[in-house]
Amino acid sequence: MLKSSEIPKQHLIIFTRYPEPGKTKTRLIPTLGTLGAANLQRQMTEYTVSQVKELQKATEVSLEVRFTGGNLQLMQDWLGLSLVYQSQSEGDLGWRMRRSLFDAFQSGMEQVVIIGTDCPSVNSQILTKAFEQLHSFDLVLGPAIDGGYYLIGLRRLIPELFANIDWGTSQVLQQTVDIAVKLNVSHTYLSPLADIDLPEDLPIWEQIVNREIGVWVNGEAKI
């Protein structure tokens, strides 16, 4: 068993967007409406945070929320004062992730995992597995069914993994892996999971709500 001094400093970063109607989950607006899409964003983020808190009950992991939209006050009013918040920097997704990783490693973290809130199947068990794999690999990827990835974990900053990627396309995962192979970066994969981006993805969220959260009344979880 690892002594406390030997346990890596583990850090988890959640990328999310403040749930302002009309500016989030836009591909679901034709089905859910602007308010419904924003409510989905809110609920999925809250669920993701709850899974990280479950993880923190079992292992020492620090949590940071990197947000876009809204402001610090709105984020604190929404998710509470106990979380650490940081606005996402300017630039594309790759630059923003790279910046967040740079900050984390600069602060002394040794294993850093980034997740979004679009994949509600990411639970505390999967997060635990990601950090465990970082004991053996430099890069851990959670493949998304659509060709992207729902999770990326690193134990050192590798800036090249975030450059020249066609973000938002089905090529993201493969392009990332190609770079890792070219750089001889040891890597491994978690189980493939589906994001909630399109109307046909909504049953996945409904199943998770019914199985793990319970009955939703007026948009609030009754656990």
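Caption draft 1: Broad picture of the overall build of the chain. Helix and strand counts for the chain stand at six helices and nine strands. Whereas a compact globule of 223 residues would reach a radius of gyration of roughly 17 Å, the chain reaches 17 Å, a difference of no more than 12%. Structurally, the chain occupies a C-alpha span of about 45 × 40 × 30 Å along its principal axes. In the chain, buried positions account for 46% of the 223 residues. Of all intrachain contacts in the chain linking residues separated by at least 6 positions in sequence, the fraction that spans at least 24 positions is 65%. Total accessible area computed for the chain in this model is approximately 11,400 Å², and 50% of it derives from carbon and sulfur atoms.

Caption draft 2: Structural context of the pattern of salt bridges. In total, this model carries 11 salt bridges according to the counting rule given. The residue Glu-54 makes a salt bridge to Lys-57 at a minimum N-O spacing of 2.9 Å. In this pair, Glu-54 and Lys-57 are both assigned in helix α1 (residues 29–58), three residues apart and thus about one turn of the helix distant. On the accessibility criterion, Glu-54 (38% relative accessible area) is partly exposed. By relative accessible area, which is 65% here, Lys-57 ends up exposed. A salt bridge links Glu-64 to Arg-66; the nearest nitrogen and oxygen atoms lie 2.5 Å apart. Each of the two residues, Glu-64 as well as Arg-66, counts as buried. Salt bridges here are not isolated pairs; linked through shared partners, they connect Lys-25, Arg-27, Asp-118 and Asp-197.

Caption draft 3: The arrangement of the packing of aromatic side chains in detail. On inspection of all chains with the given rule, the structure shows three aromatic pairs. The interplanar angle of 85 degrees and the centroid separation of 5.9 Å between the aromatic rings of Tyr-18 and Trp-78 together place this pair among those described as edge-to-face. Here Tyr-18, found in the loop between β1 (10–17) and α1, pairs with Trp-78, found in helix α2 (residues 72–79); they are 60 residues apart in sequence, far enough to count as distant. In terms of burial, Tyr-18 and Trp-78 fall into one category: buried. Measuring from centroid to centroid gives 6.0 Å for Tyr-47 and Trp-205, while their planes differ by 75 degrees, and the two rings are edge-to-face. Residue Tyr-47 is found in helix α1, and its partner Trp-205 is found in helix α6 (residues 202–213); the two are separated by 158 residues along the sequence. Each member of the pair Tyr-47 and Trp-205 is classed as buried.

Caption draft 4: Geometry of the sheet that holds strand β2 (residues 61–68). Strand order in the open sheet made by the seven strands is β3-β2-β1-β4-β6-β5-β7, with mixed pairing throughout. The open sheet terminates on both sides in strands that have one partner only, identified here as β3 (84–87) and β7 (187–189). Across this sheet, the average inter-strand angle for adjacent strands is 20 degrees, counted without regard to direction. Bridge count for strand β4 (residues 111–115) against strand β6 (residues 149–154) is four bridges, and the pairing is antiparallel. Looking at β6, one finds that Ile-114 is bridged to Ile-152. Where α1 meets the sheet, it contacts β1, β2 and β4, and its direction lies at approximately 170 degrees from that of β1. Each of β1, β2 and β3 is contacted by α2, which is oriented at about 145 degrees to β3, the strand it contacts most.

Conventions adopted
Residues numbered from 1 in each chain as written. Predicted model: local features only at pLDDT ≥ 70, side-chain atom pairs only at ≥ 80, totals over all residues. Heavy atoms only, no water. Helix = DSSP H or I, 4+ residues; strand = E, 2+ residues; numbered from the N terminus. Rg over C-alpha atoms; globule rule 2.2 N^0.38 Å. Buried < 20%, exposed > 50% of the residue type's maximum accessible area, 1.4 Å probe, protein only. Contact = heavy atoms within 4.5 Å. Areas by Shrake-Rupley, 256 points an atom, 1.4 Å probe, with all protein chains shown as cover. Salt bridge = Lys/Arg side-chain N within 4 Å of Asp/Glu carboxyl O. Phe/Tyr/Trp six-rings, centres within 6.5 Å; stacked < 30°, edge-to-face > 60°. Pairing = 2+ DSSP bridges. Axes fitted to C-alpha atoms, helices over the stretch in contact; angles between N-to-C directions.

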